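Summary of the model geometry
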Amino acid sequence: MRCRKCQLCLSALLTLLGLKVYIEWTSESWLNKAVPRATFLSPTAPSTEPTLPVNLSARLGQTDSLSLAYWNQKQRHLRVLPSTDCQTWGTVAASEIRDFLFYPQDLQRFLLSAACRNFPLWLPTGRSSPVASCSDKDVPYLLLAVKSEPGQFAARQAVRETWGRAVAGTRLLFLLGSPLGMGGPDLRSLVTWESQHYGDLLLWDFLDVPYNRTLKDLLLLTWLSQHCPAVNFILQVQDDAFVHVPALLEHLQTLPPTWARSLYLGEVFTQAKPLRKPGGPFYVPKTFFEGDYPAYASGGGYVISGRLVPWLLQAAARVVPFPFDDVYTGLCFRALGLVPRAHPGFLTAWPADRTRDPCTIRDLLLVHPVSPQDTIRLWKHLWGPNLQC
Ligand SMILES: *[C@@H]1O[C@H](CO)[C@@H](O)[C@H](O)[C@H]1NC(C)=O
Ligand SMILES: *[C@@H]1O[C@H](CO)[C@@H](O)[C@H](O)[C@H]1NC(C)=O
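Residues numbered from 1 in each chain as written. Chains lettered and ligands numbered in written order. Predicted model: local features only at pLDDT ≥ 70, side-chain atom pairs only at ≥ 80, totals over all residues. Heavy atoms only, no water.

1. Regarding the site of ligand 1
- Taken together, N55, S57, T63, R76, H77, L78 and R79 make up all the residues around ligand 1.
- Within the backbone of R76, a nitrogen or oxygen atom sits 3.0 Å from a nitrogen atom of ligand 1.
- Protein burial of ligand 1: of its 360 Å² of free accessible surface, 57% is covered by the chains. (Near = heavy atom within 4 Å. Polar contact = N/O pair within 3.5 Å; in protein donor to acceptor, adjacent residues only side chain to side chain. Areas by Shrake-Rupley, 256 points an atom, 1.4 Å probe, with all protein chains shown as cover.)

2. Section: the packing of aromatic side chains
- The full count for this structure, using the stated rule, is 19 aromatic pairs.
- Plain terms: the ring middles of W71 and F289 are 5.3 Å apart, the flat faces sit at 70° to each other, and that makes the pair edge-to-face. Of this pair, W71 sits in helix α2 (residues 70-77) while F289 is found in the loop between β6 (264-269) and β7 (296-305), placing the two residues 218 residues apart along the sequence.
- Exposure remark for W71: the relative accessible area of 0% places this residue in the buried category.
- A relative accessible area of 2% means that F289 is categorised as buried.
- For the ring pair F288 and F322, a centre distance of 5.8 Å and an interplane angle of 40° mean the geometry is tilted. Here F288 is found in the loop between β6 and β7, whereas its partner F322 is found in the loop between α10 (309-316) and α11 (325-335), with 34 residues between them in sequence. For the pair shown, F288 and F322 are each scored as buried.
- Site record: aromatic cluster; members linked through ring pairs are Y70, W71, F110, Y211, F269, F282, F288, F289, Y293, Y296, F322 and F324. (Phe/Tyr/Trp six-rings, centres within 6.5 Å; stacked < 30°, edge-to-face > 60°. Helix = DSSP H or I, 4+ residues; strand = E, 2+ residues; numbered from the N terminus. Buried < 20%, exposed > 50% of the residue type's maximum accessible area, 1.4 Å probe, protein only.)

3. Overview of the side chain of D200
- As for its placement among the helices and strands, D200 is situated in the loop between α6 (188-198) and β3 (201-203).
- The buried category is assigned to D200, whose relative accessible area is 6%.
- Polar contacts involving the side chain of D200 include one to the side chain of R160, which spans 2.8 Å.
- If we ignore the near neighbours within four places in the chain, the residues touching D200 are R160, L172, L173, F174 and S195. (Contact = heavy atoms within 4.5 Å.)

4. Structural notes on the pairing of strand β1 (residues 142-147)
- Taken across its 6 residues, β1 has 6 buried, putting it largely inside the fold.
- On β1, burial covers both faces: L142, L144 and V146 on one face and L143, A145 and K147 on the other are all buried.
- Relative to strand β2 (residues 170-176), β1 is paired through 6 bridges, and the arrangement is parallel. Bridging across to β2, L142 finds its partner in T170.
- On the question of chirality, the crossover connecting β1 to the parallel β2 by way of helix α5 (residues 153-161) is right-handed.
- For β1 and strand β4 (residues 233-238), the ladder comprises 6 bridges, and the chain directions are parallel. Bridge assignment links L142 to a residue of β4, and that residue is F233. (Pairing = 2+ DSSP bridges. Right-handed = clockwise from strand over helix to strand, strands pointing away.)

5. Examining the packing of helix α7 (residues 213-227) against α10
- Here α7 crosses α10 at 135°, and the two axes come no closer than 9 Å. Relative to α10, the element α7 is oriented oblique. By crossing handedness, the relation of α7 to α10 is classed as left-handed. Residue-level inspection shows L218, L221, T222, L224 and S225 of α7 in contact with α10, the latter providing V309, L312, L313 and A316.
- Looking at the contact of α7 with α10 residue by residue, the class counts come to 7 nonpolar, 2 polar and no charged. (Axes fitted to C-alpha atoms, helices over the stretch in contact; angles between N-to-C directions. Parallel < 35°, antiparallel > 145°, perpendicular 65-115°, else oblique. Left-handed = near helix turned anticlockwise from the far one by under 90°. Nonpolar A, V, L, I, M, F, W, Y, C, P; charged D, E, K, R; others polar.)

6. Quick look at the sheet that holds strand β5 (residues 242-243)
- Judged by pairing direction, the sheet is mixed, and its 3 strands sit side by side in the order β5-β10-β9 without closing on themselves. The two strands at the open ends of the sheet, each matched to only one other strand, are β5 and β9 (346-347).

7. Thoughts on unusual backbone geometry
- Put simply, H368 and P369 share a cis peptide bond, and its omega is 0°.
- The residue D85 is not glycine, and still its phi comes out positive at about 50°.
- On the secondary structure map, D85 appears in the loop between α2 and α3 (86-96).
- A relative accessible area of 52% means that D85 is categorised as exposed.
- Positive phi values are uncommon outside glycine, yet F282 reaches one of about 60°.
- Note that F282 resides in the loop between β6 and β7.

Below you can see the structure in the form of structure tokens.
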């Protein structure tokens, strides 16, 4: 009699255990699906001081001369990217890649202009930029550098009204390409008004498409080295992220100094591989790139040390262009011998059904993606008087 009870108990327990394993397994496989380019692994080893060897082949894992893919070949032989006549680089690429004409259109366009990185500011009034340099008294501790696109007015306004609001020690800047898109509506007059009204748009004269996002990173670095060289930290973030700025500031202030000096902090993907499905998102042909991606922080949002700005510019001049901005940043950090640090408070594949929960966000640093409406709602709940968790 007792034993039958025991059996019953045991089988119930086993069923529960099985259920738990199943739930964990399904939620995990869901997570993997939501993170399209990589799998999420544990935090990485501590980084050290940046260095930049004369030959980057070993750092970037390009010592195996068997790989004939374009990027790998080029990286093995590259000393420095051309500073003039960048178009020739593209023409040569097109002739060196045998199946170039079968590449997706945007990848073809990317390669044709990949070495062209010097674009002037797009100036609304044609004269001076309404974006002020950092003054000696007013150096931001944390620059919020938000990648946006000219047409994303609502996303920018939601950021301005919420987490991008001026807090002591922070400054908000949006990074954009030209408001004269290709075949799109002419947004010049609207963007000009916005730029003069808010003074927070850094615009450059290049076509604003996803494959040109690396230009925003590099041109920001150049701008900072001239106009804001003493900035402590830079948050590189998309305009559809929600950032818990006070929590992030607190975290940065409590970092050990050695970490803070060479910081590259976010949701880190290690051992990510290129996706090989033609026509699918983030497709990378085998004849273009072979091997794994470096460990990199997801482009939804990550923080770097301001001290690394000149280092990153030097590295970028010597790392062969790659179409995805966050992977390219990972390559540049790898060239410098630095590794990203993972923080569980960065969630860059945030499930849409959780954007209504301010209690979860209270304990996080950054979530992405969040719609402008949810950004406003979250903000109100987060700082409202009735938040009960
Ligand atoms: C760098 O070293 C690799 C061997 O490790 C060599 O094949 C390559 O030619 C070198 N690259 C340059 C630019 O000197
Ligand atoms: C990036 O911008 C440049 C300059 O406007 C343009 O020539 C190039 O085609 C753009 N890249 C892509 C992938 O469209």
